[in-house]
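# Coordinate analysis (summary)
The primary structure of each chain is shown beneath.
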Amino acid sequence: MKIASALLAGLLFGLGLIVSGMADPAKVLGFLDLAGAWDPSLAFVMAGAVLAASLGYAWLRRRGRALDGGPLHWPPPARVDVRLAVGSLVFGAGWGLAGFCPGPALVNAAAGLPQALIFVAAMVAGMALFSALDYLKKR
């Protein structure tokens with residue numbers, strides 16, 4: 001049941017990215033081009049996503065348990081540190097240069113878009129590099 005619900009959630013998320021235009025790198029770059037031909041339409045998509053997520057989180061907090069009846073596992077509050085700030089800057093720079101963030105990149109890679117395949121390969125390599133450096137640091 002968990003695998004089926006995860007698959008359904010992933011398919012719904014991917015469909016939402018396609019329908020909203022978030023999977024279109026040109027549309028994303030148009031949104032990020034504040035000094036040029038700015039396209040504000042993705043701001044409405046993001047605002048709608050934040051609203052929907054906020055309502056869902058509020059409902060789950062009141063409910064007190066997951067949809068399958070199990071306990072909720074909320075992440076601890078994060079503090080802003082150098083790692084978070086640098087990671088956010090690298091993420092934003094990658095998004096601004098390529099027009100992809102991880103979700104839309106996976107949708108486009110599944111569709112066989114060459115730029116997305118390259119982006120996903122670089123993303124996976126970056127995650128592997130981070131894991132290796134983190135492992136060495138903890139030794």
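Residues numbered from 1 in each chain as written. Predicted model: local features only at pLDDT ≥ 70, side-chain atom pairs only at ≥ 80, totals over all residues. Heavy atoms only, no water.

With that settled, consider the packing of helix α5 (residues 102–110) against helix α6 (residues 114–138). The contact between α5 and α6 brings their axes to 8 Å, and the two run at 130°. Overall, the two elements α5 and α6 adopt an arrangement that is oblique. Like other packed secondary-structure pairs, α5 and α6 cross with a definite hand, here left-handed. Residues P102, A105, L106, N108 and A109 of α5 pack against A116, L117, F119, V120 and M123 of α6. Looking at the contact of α5 with α6, its residues break down into 9 nonpolar, 1 polar and no charged. (Axes fitted to C-alpha atoms, helices over the stretch in contact; angles between N-to-C directions. Helix = DSSP H or I, 4+ residues; strand = E, 2+ residues; numbered from the N terminus. Parallel < 35°, antiparallel > 145°, perpendicular 65-115°, else oblique. Left-handed = near helix turned anticlockwise from the far one by under 90°. Contact = heavy atoms within 4.5 Å. Nonpolar A, V, L, I, M, F, W, Y, C, P; charged D, E, K, R; others polar.)

Moving on, we get to the pattern of salt bridges. Across all of its chains, the model carries 3 salt bridges by this definition. D39 is the partner of K27 in a salt bridge, and the nearest nitrogen-oxygen pair spans 3.1 Å. Taken together, the positions of K27 in helix α2 (residues 25–32) and D39 in the loop between α2 and α3 (41–63) put the pair 12 residues apart, joining distant regions of the chain. On the basis of relative accessibility, which here comes to 25%, the residue K27 falls in the partly exposed class. With its nearest N and O atoms 3.2 Å apart, the salt bridge here joins K138 to D134. Of the two residues, K138 and D134 both sit in helix α6, 4 residues apart, roughly one turn of that helix. (Salt bridge = Lys/Arg side-chain N within 4 Å of Asp/Glu carboxyl O. Buried < 20%, exposed > 50% of the residue type's maximum accessible area, 1.4 Å probe, protein only.)

Below, the discussion takes up the environment of A66. Along the polypeptide, A66 turns up in the loop between α3 and α4 (82–98). By relative accessible area, which is 17% here, A66 ends up buried. Between the C-alpha atoms of A66 and K2, which are 64 residues apart in sequence, the distance is 12 Å. Not counting the four nearest positions on each side in its chain, A66 is found in contact with P71 and L72.

So, about the nonpolar core. Grouped together as the largest cluster of nonpolar side chains are 9 residues: L17, M22, A23, V28, F31, L42, W95, C101 and V107. Once residues within four sequence positions are removed from consideration, V107 is found in contact with G14, L17, I18 and A23. Of all hydrophobic cores here, the second largest spans 7 residues; its members include A105, A109, A116 and F119. (Core = buried A, V, L, I, M, F, W, Y, C linked by side-chain atoms within 4.5 Å.)

With 25 residues, α6 should reach 36 Å at 1.5 Å per residue; the first-to-last C-alpha distance of 36 Å fits that figure. When we look at burial in α6, the residues that qualify are A116, F119, V120, M123 and D134. On its buried side, α6 packs onto α4 and α5. (Expected span 1.5 Å × (residues − 1).)

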